[in-house]
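One-letter residues, chain by chain:
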Amino acid sequence: MKVSNPAWKDRLSERLPENLAREVDIFEAEIGLRKQGKLDEKLFAETRLRRGVYGQRYDNGQRSDGRVLRRLPYPEHPSKGPNTLWDAPGMQRIKVPGGGLSAAQLETIAELAEEYSDGIAHITTRQDFQLHYVHIENTPSVMRRLAAVGITTREACGNAVRNVTACPYAGVCPDEAFDVSPYATRLAWHLMGHPDCQDFGRKFKPAFSGCGNHACGLAKIHDLGLVAVTREENGVLQRGFQMYVGGGLGPVPYQAQLFSDFIPVAELLPMAQAIGRVYARLGEKKNRNRARLKFLLHDLGLEKFRDLVFAERQRLEPDPRWTDYLAAAEQNQEAALRPAGELSPSGSEKFERWLRANTRAQKQPGYAAVTIKLPLGDITARQLRQLADMVRRYTCETVRTTVEQNFVIRWVSRGDLPALYAELEAAHLAEPGAGGIADIVSCPGTDTCKLGISSSRGLAAELRRQFAQGALDDLDEATRKLRIKISGCFNSCGQHHIADLGFYGVSRKAAGQAAPHFQVVLGGEWEDNAGAYGLPIAAVPAKHIPEVVRRLTRRFQADRQPGQSFRGFVQSLGRSELKALLEDLTRVPAGDASFLSDWGDPRVYSLEDMGVGECAGEVISPVEFDLAAAERQVFEAQLALERQQPQAAGQMAYRAMLQGAKGLVKLNHNPGDDPARIVAEFRAQYFDTRLFFDPFVGGQFAQYLFAAHASPDRAHDAASAGTLIREAQLFIDACHGCYNRLSAEPVEA
Amino acid sequence: MELEHLAFKLFIAPPPEATVAALVPVFHSWITAGSAEELLIDVADYRHVPEGPGVVLIGFRADYSLDHSGGRWGIRYYRKAPLAGGNLDRLLHAARATLNACRRLQADSRLSGGIRLDGHEFEIQVCDRLLAPNTASAQQEFTAELAPFLERFLRGGPYRLTYDNDPRSLLATRVTSEYIFELDHSLS
């Protein structure tokens with residue numbers, strides 16, 4: 001789509017780490033293959049999801065105008081997934097392990113937002129960034145530019161290990177056991193693309209917390225939650241983790257279960273691999289609604305799951321990467337740019353308000369961590385550059401995203417706070433009230449998500465507007481500290497289950513017409529790493545939700561016991577009384593047409609825009625990935641031949657055959673990358689057994705591999721390379737045929 | 001210098017809040033009417049972002065917006081897909097599309113006359129840092145490329161170009177002129 005796309009590859013060739021460059025090249029080749037119809041759409045969908053390239057609302061080429069469903073006349077092209085049109089704009093998710101970013105990375109994301117998206121970068125509830133309205137053909141350029149500053153989008157979506165999140169105060173929090181940052185970073189890169197984590201039935205989300213009691217890491221809502229702990233052994237303080245497994249929100253939230261109260265840091269990576277293996281082997285693959293780890297854990301029971309994981313752990317071949325970072329991790333300490341300082345009274349009430357809510361003292365005396373509260377997690381490209389300037393000026397570029405869709409700048413000398421505040425204010429980044437009632441978390445909802453039922457962002461924006469216009473003025477401090485979180489549907493991306501006041505989108509009929517509603521969920525617990533989930537009370541029309549908030553906050557303010565939490569208040573009031581409090585609001589007022597439209601969307605509400613979610617991705621076996629990689633290598637060989645590079649083309653064709661053979665061998669076990677071993681095992685398992693034999697030509701296609709392998713370094717001219725490419729294509733076709741025969745359901749007699 | 005992916009922003013007087021809010025249904029109605037040249041897809045509402053993109057009508061080949069970036073309100077057209085022809089053709093295309101959009105918005109009674117063209121100033125951006133980095137030499141080249149277009153747009157009147165010299169920014173210039181351009185500008 002962009003004229004400059006081909007040139008970015010050349011421009012950045014020297015700056016990209018080899019592994020990331022190769023990743024993008026592969027994806028670009030897959031785009032080429034899909035455009036030519038040479039890659040299956042389901043396979044392409046999963047492969048793009050694993051690069052963070054996600055679908056968006058209306059990408060099936062249909063859009064309701066409130067009365068009728070209209071076709072969006074995109075140009076005709078192959079799809080980019082089931083019912084997903086090629087040219088429809090999509091979302092690019094960008095993985096940020098632990099939320100940690102450098103100034104250069106902020107600047108790059110700013111550039112991408114301006115050039116490929118709509119000028120806005122959006123922070124998610126898992127510390128990722130998202131860019132919306134991105135054309136798929138621009139994504140390789142986006143990925144290359146990110147890779148040039150050390151960011152990958154790999155496995156940001158799809159059935160894979162998603163972003164590894166971590167407490168944004170790790171390393172500076174006075175209450176932590178130790179800094180989890182280096183462990184989170186290593187786990188993220190270790191599991192990315194790891195063979196043990198490639199065959200999941202659904203996504204797998206890890207999170208780290210430095211302590212058990214605060215909320216920042218949300219360890220208990222994750223598939224793998226790790227809470228830093230220490231213990232003394234023989235007089236030596238050892239670092240380790242309480243390991244929680246099987247947590248997750250979604251429609252029915254599950255609290256994670258304590259797998260072990262102490263996993264030494266040296267065992268973190270192998271244990272994560274072992275869990276990955278058990279999940280890959282036994283997790284549900286066909287029914288995506290029961291494919292998360294939490295269901296496997298539920299079905300097996302914790303004890304059996306634990307036994308399986310420990311048994312798997314014993315089978316792992318030792319890997320030096322498990323421990324080679326530990327000494328450095330132990331010493332890890334971010335540096336401060338400026339000397340520690342103290343703050344003099346400012347005399348400014350505005351500044352003091354910001355100071356109270358948006359800063360917190362670090363464990364290092366004289367330093368503060370500063371929260372930048374973003375409206376709905378959105379930030380402009382210009383603001384990102386201004387933020388980059390600030391983190392350079394005041395810190396050693398120590399800035400992180402948070403799961404509350406904000407930024408935290410760490411290591412700010414307290415003496416610099418007034419100057420930083422002034423700069424933040426000039427950049428419109430000094431909104432006070434971080435972590436309070438007006439710091440509303442919201443998933444994209446119907447704005448861009450295919451699964452959205454109600455407008456979570458529209459509601460969040462409206463609540464913000466009303467708060468800004470004085471709706472908070474009569475609230476006391478404790479009530480202002482309540483948290484509101486909104487999801488556009490039951491899938492809980494807005495984390496409504498762990499909010500004081502949670503809302504998720506539902507649809508209800510009123511006088512025969514659909515009207516947008518939100519289910520009210522009250523009393524979730526944010527503290528204690530998301531220690532408890534809220535209670536669903538009632539479904540209320542979207543337009544009544546501001547009144548719901550008003551009533552609940554006033555009631556809490558008036559009737560709570562001293563020191564009582566909102567959860568405690570909700571429990572003491574009871575569901576019946578809460579329902580009674582909201583009862584009149586559950587009905588759509590007769591004749592009020594405004595209730596038939598959602599917040600921020602003037603169209604008459606309908607569910608016709610909903611599509612099929614891609615969150616779970618397609619379940620594709622690892623063999624299919626290998627065969628797709630083999631196809632791509634043949635494609636690249638053809639390109640090399642066209643560039644008159646016959647030697648390279650011939651070698652690529654040979655490697656393509658190896659890749660295909662490896663895929664089939666992997667059905668039994670992974671043979672590694674040694675060509676001799678791959679060919680020997682292929683011969684033993686598929687040729688000698690005749691499993692590979694085609695009904696018409698027998699083992700002829702396997703002979704192409706054997707012949708190429710017999711002289712892998714032979715010289716190629718255009719003719720011999722062309723022949724080998726054709727043979728490679730036939731061999732890979734035969735691999736597909738063999739795999740299809742082997743995986744076909746047996747026919748009952 | 002190849003001028004693709006141009007954004008053209010006609011500055012307007014700060015609109016009342018009600019006008020900005022009313023633009024959301026107006027843009028939705030443009031999608032429904034399907035009457036714009038481009039395939040229009042969605043409305044992105046960023047009113048909550050200070051000095052942000054405002055309200056954006058997302059299209060397949062181009063976006064329209066009531067933009068507030070940089071703290072200046074304006075009607076913005078951003079051409080995402082490549083355009084045929086030379087630089088002058090592309091500039092003329094972007095200018096025409098922006099003027100048409102502006103004209104249509106001014107005439108829309110739902111906006112209660114809240115869109116009032118400044119008439120003296122506009123901005124042209126190249127939204128591609130590889131084609132057009134924001135360097136001194138690129139600014140010089142850009143100035144030269146703009147000359148024939150500005151000659152036509154401003155009817156030969158004098159103008160002044162102002163650049164933001166932050167190398168990280170998009171190549172963009174603010175054009176200020178004594179000449180007051182009108183919405184019925186024929187650009188012939």
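Computed from a predicted model, the values in this text were never measured in an experiment. (Residues numbered from 1 in each chain as written. Chains lettered and ligands numbered in written order. Predicted model: local features only at pLDDT ≥ 70, side-chain atom pairs only at ≥ 80, totals over all residues.)

(A) Structural detail: the overall build of chain A. Scanning chain A for helices and strands turns up 24 helices and 24 strands. For chain A, the spread of C-alpha atoms along the three principal axes comes to 85 × 70 × 55 Å. With 749 residues in all, chain A has 56% of them scored as buried. The long-range fraction of contacts in chain A, counting pairs at least 24 apart against all pairs at least 6 apart in sequence, stands at 71%. (Helix = DSSP H or I, 4+ residues; strand = E, 2+ residues; numbered from the N terminus. Buried ≥ 20, exposed ≤ 12 C-beta atoms within 10 Å, placed from the backbone. Contact = placed C-beta atoms within 7 Å.)

(B) Local environment of the domain arrangement of chain A. Residue and element names in this part refer to chain A. What the domain assignment lists for chain A is domain 1 (5-145), domain 2 (173-331), domain 3 (349-426), domain 4 (441-604) and domain 5 (622-743). Each of domain 3 and domain 4 has a C-alpha centre, and the two are 29 Å apart. With 4 residues of domain 3 in contact, the opposing surface of domain 4 contributes 6 residues. For the side of domain 3 that touches domain 4, a count of residues per class yields 2 nonpolar, 1 polar and 1 charged. (Domains from an automatic or database assignment. Nonpolar A, V, L, I, M, F, W, Y, C, P; charged D, E, K, R; others polar.)

(C) Seen up close, the sheet that holds strand β6 (residues 120-123) of chain A. All names here are of chain A. On the basis of which strands lie adjacent, the open sheet formed by 5 strands has the order β1-β4-β7-β6-β15 and antiparallel pairing. The two strands at the open ends of the sheet, each matched to only one other strand, are β1 (53-54) and β15 (378-380). Both β6 and β15 contribute to a ladder of 3 bridges, which runs antiparallel. Bridge assignment links His122 to a residue of β15, and that residue is Asp378. (Pairing = 2+ DSSP bridges.)

(D) Quick look at the pairing of strand β2 (residues 40-46) of chain B. Residue and element names in this part refer to chain B. Within β2, 7 of the 7 residues are buried, which leaves it mostly tucked inside the rest of the structure. Relative to strand β3 (residues 54-59), β2 runs antiparallel, the two sharing 6 bridges. Across the sheet, Tyr46 pairs through a bridge with Gly54, a residue of β3.

(E) Quick look at the interface of chain B and chain A. The partner chain A presents 34 residues to the 34 residues of chain B that form the contact. Counted by class, the side of chain B that touches chain A contains 18 nonpolar, 6 polar and 10 charged residues.

(F) Looking closely at the confidence of the model for chain B. When pLDDT is averaged along chain B, the result is 94; 97% of the residues meet or exceed 70. Overall fold confidence for the complex sits at a pTM of 0.89, while the interface term, ipTM, reaches 0.97. (pLDDT = per-residue confidence, 0-100.)

(G) Examining the packing of helix α6 (residues 181-191) of chain A against helix α7 (residues 268-282) of chain A more closely. All names here are of chain A. Look at α6 against α7: their axes get within 10 Å of each other, and the N-to-C directions meet at 40°. If you check the angle between α6 and α7, you find them oblique. Remark: the crossing between α6 and α7 carries right-handed chirality. Judged by residue contacts, Tyr183, Leu187, His190 and Leu191 of α6 engage Leu268, Leu269, Ala272 and Gly276 from α7. (Axes fitted to C-alpha atoms, helices over the stretch in contact; angles between N-to-C directions. Parallel < 35°, antiparallel > 145°, perpendicular 65-115°, else oblique. Left-handed = near helix turned anticlockwise from the far one by under 90°.)

(H) Focus on unusual backbone geometry. Residue and element names in this part refer to chain A. Residue Asn234 is not a glycine yet carries a positive backbone phi of 55°. Within the fold, Asn234 resides in the loop between β10 (224-233) and β11 (236-245). A count of 5 C-beta atoms within 10 Å places Asn234 in the exposed class. Located in the positive-phi region is Leu376, a residue other than glycine, with phi close to 55°. Examined against the element boundaries, Leu376 turns out to sit in the loop between β14 (367-372) and β15. Note on Leu376: 24 C-beta atoms within 10 Å, which makes it buried.

(I) Structural view of the confidence of the model for chain A. Mean pLDDT for chain A: 93, with 98% of residues reaching 70 or above. Segment residues 745-749 of chain A: pLDDT under 50, and 0 contacts once partners within four positions in sequence are set aside and those in other chains are kept.

(J) Just α7(A), in detail. Residues and elements named next belong to chain A. Spanning 15 residues, α7 covers 21 Å between terminal C-alpha atoms, matching the ideal 21 Å at 1.5 Å per step. Counting buried positions over the 15 residues of α7 gives 12, a clear majority of the element. Among the structural elements, α6, β10, β11, β12 (257-264), α8 (293-300) and α9 (302-315) are those in contact with the buried residues of α7. (Expected span 1.5 Å × (residues − 1).)

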